[in-house]
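# Coordinate inspection notes
What follows is each chain in one-letter form.
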Amino acid sequence: QVQLVESGGGLVQAGDSLRLSCTNSGRWFSDYLVGWFRQAPGKGREFVAAITRNLGTTVSYSDSVKDRFTISRNEKTVYLEMNSLKPEDAAVYFCAARYTDSKEPSRFAHDYTNWGQGTQVTVSS
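None of the values given here were measured: they were computed from a predicted structure.

Thresholds, definitions, all that
Along each chain, residues carry numbers from 1 onward, in the same order as the chain's sequence is written. For this predicted model, a pLDDT threshold of at least 70 governs which residues receive local features, and a threshold of 80 or more governs which side-chain atom pairs are given and counted, while totals over whole chains, interfaces and linings are taken from all residues. Side-chain descriptors were evaluated using all non-hydrogen atoms of the structure, hydrogens and water having been removed beforehand. Where helices and strands are cited, they refer to DSSP runs of H or I of at least four residues and of E of at least two residues respectively, numbered from the N terminus. We compute the radius of gyration from the C-alpha atoms alone; for a globule the expected value is 2.2 Å times N to the 0.38, where N is the number of residues. Partly exposed residues are those whose accessible area sits between 20% and 50% of the maximum for their type, while under 20% is buried and over 50% is exposed, using a 1.4 Å probe and protein chains only. The contact rule is simple, with two residues in contact once any of their heavy atoms fall within 4.5 Å. Reported accessibility uses the Shrake-Rupley method at a 1.4 Å probe radius. Residues are deemed covered only where the shown protein chains occlude them. Under the convention used here, Asp and Glu are negative, Lys and Arg are positive, and both His and the chain ends fall outside the count. By convention, the point assigned to a charge is CZ for Arg, NZ for Lys, CD for Glu and CG for Asp. Planes of paired rings set the category: under 30 degrees apart is stacked, over 60 is edge-to-face and the rest tilted, where pairs are Phe, Tyr or Trp rings (Trp by its six-membered ring) whose centres lie within 6.5 Å. In the sections that follow, a salt bridge refers to a side-chain nitrogen of Lys or Arg positioned within 4 Å of a carboxyl oxygen of Asp or Glu. Note on pairing: two strands pair once DSSP finds at least 2 bridges between them. To obtain an axis, a line is fitted to C-alpha atoms, over the contacting stretch when the element is a helix, and the angle between two such axes runs from 0 to 180 degrees between their N-to-C directions. A pair of cysteine sulfur atoms is labelled a disulfide when the two atoms are within 2.5 Å.

Moving on, we come to the overall build of the protein chain. The secondary structure content of the protein chain amounts to zero helices and eleven strands. Along the protein chain, from the amino end to the carboxyl end, the secondary structure elements read β-β-β-β-β-β-β-β-β-β-β. Taken over the C-alpha trace, the protein chain has a radius of gyration of 13 Å; the compact-globule value for 125 residues is 14 Å, and the two agree within 12%. Counting only C-alpha atoms and orienting by the principal axes, one finds that the protein chain spans roughly 40 × 25 × 25 Å. Looking at the protein chain as a whole, 44% of its 125 residues qualify as buried. Looking at the protein chain alone, contacts between residues at least 24 apart form 60% of all its contacts between residues at least 6 apart. For the protein chain, the computed accessible surface area is about 6,500 Å², with 46% contributed by carbon and sulfur atoms. Measuring between centres, the 14 positive side-chain charges of the protein chain sit 3 Å from its 13 negative side-chain charges.

This is the structure in structure tokens:
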């Protein structure tokens, strides 16, 4: 049973940083592909970043966050380090996972089978 829990969201100013965390309720998580997605009001769910299983040898980023966000992981937590935040980064951020041995960090929401409830990120200008 996978129960994803996101944390770390909040209200920041443009240019600030935040670190989001995604856990499987404290259980081992290393065999899962994990992705971060976000959804702003009135918009669809957007891919942000993904990392492959185990120590995450392969990562992928959307063009809009590349060079500002970093995804990483250990056995129990996947992190999304967000730097130089912009007002357009404001959204609910979701963690998603799938038990797979795929070496591809999928950008597609339909490839993920488990989702968290999301954490709100608000960026003021």
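Structure's up, so let's keep going.
Turning our eyes to something else, we now look at the packing of aromatic side chains. Counted under the stated rule, the structure contains six aromatic pairs. Seen from their ring centres, F37 and F47 are 5.7 Å apart, and the 70° between their planes marks the pair as edge-to-face. Remark: F47 occurs in strand β5 (residues 46-51) and F37 occurs in strand β4 (residues 32-39); sequence separation between them is ten residues. Pair check on accessibility: F37 and F47 agree, each one buried. Ring plane angle 70° and centroid distance 6.4 Å describe the contact between Y112 and W115, whose orientation is recorded as edge-to-face. With relative accessibility at 5%, the residue Y112 sits in the buried group. Classification of W115 by relative accessible area gives partly exposed; the value is 27%.

This part takes up the pattern of salt bridges. With the rule as written, the count across this model stands at four salt bridges. Ionic pairing is found between D89 and R38, a salt bridge with its closest N-O pair at 2.9 Å. Here D89, found in the loop between β8 (77-82) and β9 (91-99), pairs with R38, found in strand β4; they are 51 residues apart in sequence, far enough to count as distant. Measuring nitrogen to oxygen at the nearest pair gives 2.7 Å for the salt bridge that ties D89 to R68. Note that D89 is positioned in the loop between β8 and β9 and R68 in the loop between β6 (59-61) and β7 (69-73), a separation of 21 residues in sequence.

Read across the sheet, four strands follow the order β1-β3-β8-β7 without closing on themselves; strand pairing throughout is antiparallel. For this open sheet the edge positions go to β1 (5-7) and β7, each flanked by a neighbour on one side alone. Taking each pair of neighbouring strands and ignoring which way they run, the sheet shows an average axis angle of 15°.

Next up on the list: the state of the cysteines. One pass over the structure, following the stated rule, counts one disulfide. Paired by a disulfide, C22 and C95 hold their sulfur atoms 1.8 Å apart. Here the S-S torsion is close to -65°, and the disulfide linking C22 with C95 is therefore left-handed. Here C22, found in strand β3 (residues 18-23), pairs with C95, found in strand β9; they are 73 residues apart in sequence, far enough to count as distant. Accessibility expressed as a relative area gives 0% for C22, which makes it buried. Its relative accessible area of 0% is what places C95 among the buried residues.

None of the figures reported here should be taken as evidence of function without further support.
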